[in-house]
Amino acid sequence: MKVKEFIKKYHLIAYLIMIILIFTVGMAVKWYRYNEFAGRGPAIEYAYKYFNLILGYILVAATILFYLLVIRKTEMSKAFLAASILMGTLFILLMPPDTPADEDKHMFAVTEFSNSIMGIEDDDTPYHAAYRECDANSGFSRSISISNYILMGQKLFERPSKSDYVSYEVEHFNYAKSTFIFYLPAIIGMIISKLTGLGTVMMYFLSRFLMLAVYSVIGYFAIRKIPTGKALLAAIMLLPTGLSRAACVSQDGLLHAVIFLFMAYVFYFAFSGNKMKVKEVIVTIVAGGLLVTGKGGAYVPLLLLLFLIPRENFGEKIKYPVVVGMAVFITIIVFLASNPSLFTDLVGSGKGTEDELIWSDEPSYTLKNLICNPGHSAKMLLGTFVGFFGTFFGDMISGGFGWLQISSSPVIVSCCFAILLGLALSESNQTIVMSKKQRIITGVAVIGAIGLVILSMWIFWTPISYQYIAGVQGRYFIVTILPVFMMFRNNRLSLKNDLGNKGIIAICVLVVFAVFEIWTRIAG
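Predicted, not measured: the structure shown is a model, and the values here were computed from it.

> Explain a nonpolar patch on the surface to me, please; I cannot follow it from the model alone.
On the surface, I117, F180, I181, L184, I188 and I192 cluster together into a nonpolar patch covering about 470 Å² of accessible area. Note that L184 resides in helix α9 (residues 180–196). On the basis of relative accessibility, which here comes to 32%, the residue L184 falls in the partly exposed class.

Structural data, given as structure tokens:
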């Protein structure tokens, strides 16, 4: 094979451009605030060495993904699995312990569950649990600061000198026991870490990696199952916001994966033309049941997507009323088990939800407040939408990283959205589009889910003196991106070229640049 043919066959020019660009930008980012960080003295070298580790990992991951996606043209579900694990691991390395939003609280839940399994007795005092001394006194703060990266470099391979347990207090955090399944990978990681004597940093890394691995595997099966929009679903699950949540200890990542799995099966039943099989129905119902356990059941309206399935696709053995009836019954049971005091909190005078406002001395709004003051409620809703829509949209795509709520630049957000739009329009099978009835059902499901998310934050997180709805985060709406794009797909507006793997590699490059942006904005 001639040199020119070799270069063309393996796209070496494109590969070298990508690697040189990543390396050049990475080195510029490393020294971007040299004068400011130099005041840290010799200790700053630990942070720089840690950044070198991250940059080296990025170059290796980029090489692997370029080979799989561009040269081998790997099938989409396998391409996603590789990209999700490699890019998600980048976020694992990037975020110091407890810096992702609420990770310290989620780790508290994981600690209580793991202690119960291991027979470790917790303190009976509320919001206290038995922590290893090295974890309780690790020294990490919740900010994405250079101090944390210095500490990461120092403690990366540290092993605890002793395993004494101390009583540790976390900020008030109420979680339902029914959420155990969403913490299970992290629980296993924590138990392994304690049994093998891993230090704090490695314990977080292992727990996060297992959460990411399960997210990636569920996404792999969802992409295999969905009959159309495979590349679109893969890209959505690789967006920086969602992937960073999947790569930390949080319920959000696995909840999103389960919802996407549910949607994939529903779209398969609705558009593939195949009859439903019993095992497929079981997966759908289980995913639908788990869907309601997160975010206080705010995603319940997404179960309306079941009505996209034509009656004739249910087959003779599986009856339409049975599937829908079982889904509704299981949903109600799981929802009530997960939210036993929801009704009294909703209709209370305001004092009923006072305990939930852990960050305010005021009671929150209640459903009664909203109904009795429709003018004020409408004004709050409109003001929140007008004032924060841009923030919600940006953070849904690429933002909200850590407690500092770092957001990516509009350039990265716009590029990510453009790729999603291109993938939605460039699917080779554009003949699979929704009917008018299916569009209406999908629209109601999406609007209902968004409305319940906003309502839940309005009632359970917004102090009664506020004039806008507090606590709403863009990441809560990630799961609505797929049905919205599917709803507007048509066979009149489409791109001839199927972007496919090229779109996925572009998303991965944008993830890398989002990581670089985070490093430039870390606190001094």
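Read on for the rest.
> Which parts of the structure should I look at to understand the nonpolar core?
The tendency in soluble globular proteins is for nonpolar side chains to be buried side by side. Counting residues in hydrophobic clusters, the biggest one holds 160 residues, and the most contacted among them are Y299 and L482. For this core, the element with the most residues is helix α13 (residues 251–271), which contributes 17 residues. A domain-level breakdown of this core finds at least three residues from each of domain 1 (3–94) and domain 2 (103–521). Membership of the second largest hydrophobic core comes to five residues, among which are F108, Y131, A136 and V170.

> Just to check I follow, could you spell out the pattern of salt bridges for this structure?
Pairs can form between side chains of opposite charge once their charged atoms are near each other. If you walk through the whole model with that rule in mind, you get 10 salt bridges. We note a salt bridge from K225 to E280, for which the minimum N-O separation is 2.7 Å. One end of the pair, K225, is in helix α10 (residues 200–225); the other, E280, is in helix α14 (residues 278–291), with 55 residues separating them in the sequence. Among the salt bridges present, the one from R521 reaches E517, with a minimum N-O distance of 3.8 Å. We classify E517 as buried; its relative accessible area is 18%.

> Just checking my understanding: could you explain the side chain of S207 for this structure?
Along the polypeptide, S207 turns up in helix α10. Among the residues examined, S207 registers a relative accessible area of 0% and is labelled buried. Once you skip the residues sitting within four places of it in the chain, S207 turns out to touch A186, G189, M190 and V249.

> Explanation requested: the environment of I236 in the structure shown.
Considering the arrangement of structural elements, one finds I236 in helix α11 (residues 230–237). Beyond its immediate sequence surroundings of up to four residues, I236 is in contact with F260, L420, I478, I481 and L482.

> Whenever I open this one, the pairing of strand β1 (residues 128–132) confuses me. Can you help?
Two faces, one strand: in a regular strand the side chains alternate between the faces of the sheet. The element β1 is extensively covered by neighbouring structure, given that five of its five residues are classed as buried. The side-chain alternation of β1 yields two buried faces, one formed by H128, A130 and R132 and the other by A129 and Y131. Pairing geometry for β1 and strand β2 (residues 165–169), over five bridges, is antiparallel. Bridge pairing in β2 places A129 opposite Y168.

> How should I be thinking about the packing of α13 against helix α21 (residues 481–488) in this particular structure?
For any two helices packed against each other, the geometry is given by the interaxial angle and the distance between the axes. Their axes nearest at 10 Å, the elements α13 and α21 cross at an angle of 25°. The orientation of α13 relative to α21 falls into the category roughly parallel. On α21, the residues touching F260, M263 and F267 of α13 are L482, P483 and M486. Here the contact of α13 with α21 is built from residues that sort into six nonpolar, no polar and no charged.

Parameters at a glance
Residues numbered from 1 in each chain as written. Predicted model: local features only at pLDDT ≥ 70, side-chain atom pairs only at ≥ 80, totals over all residues. Heavy atoms only, no water. Patch = residues over 30% accessible without salt bridge, like charges linked within 9 Å, V, L, I, M, F, W, Y side chains within 5 Å. Areas by Shrake-Rupley, 256 points an atom, 1.4 Å probe, with all protein chains shown as cover. Salt bridge = Lys/Arg side-chain N within 4 Å of Asp/Glu carboxyl O. Helix = DSSP H or I, 4+ residues; strand = E, 2+ residues; numbered from the N terminus. Buried < 20%, exposed > 50% of the residue type's maximum accessible area, 1.4 Å probe, protein only. Core = buried A, V, L, I, M, F, W, Y, C linked by side-chain atoms within 4.5 Å. Domains from an automatic or database assignment. Contact = heavy atoms within 4.5 Å. Pairing = 2+ DSSP bridges. Axes fitted to C-alpha atoms, helices over the stretch in contact; angles between N-to-C directions. Parallel < 35°, antiparallel > 145°, perpendicular 65-115°, else oblique. Nonpolar A, V, L, I, M, F, W, Y, C, P; charged D, E, K, R; others polar.

That is the geometry; function is a separate question.
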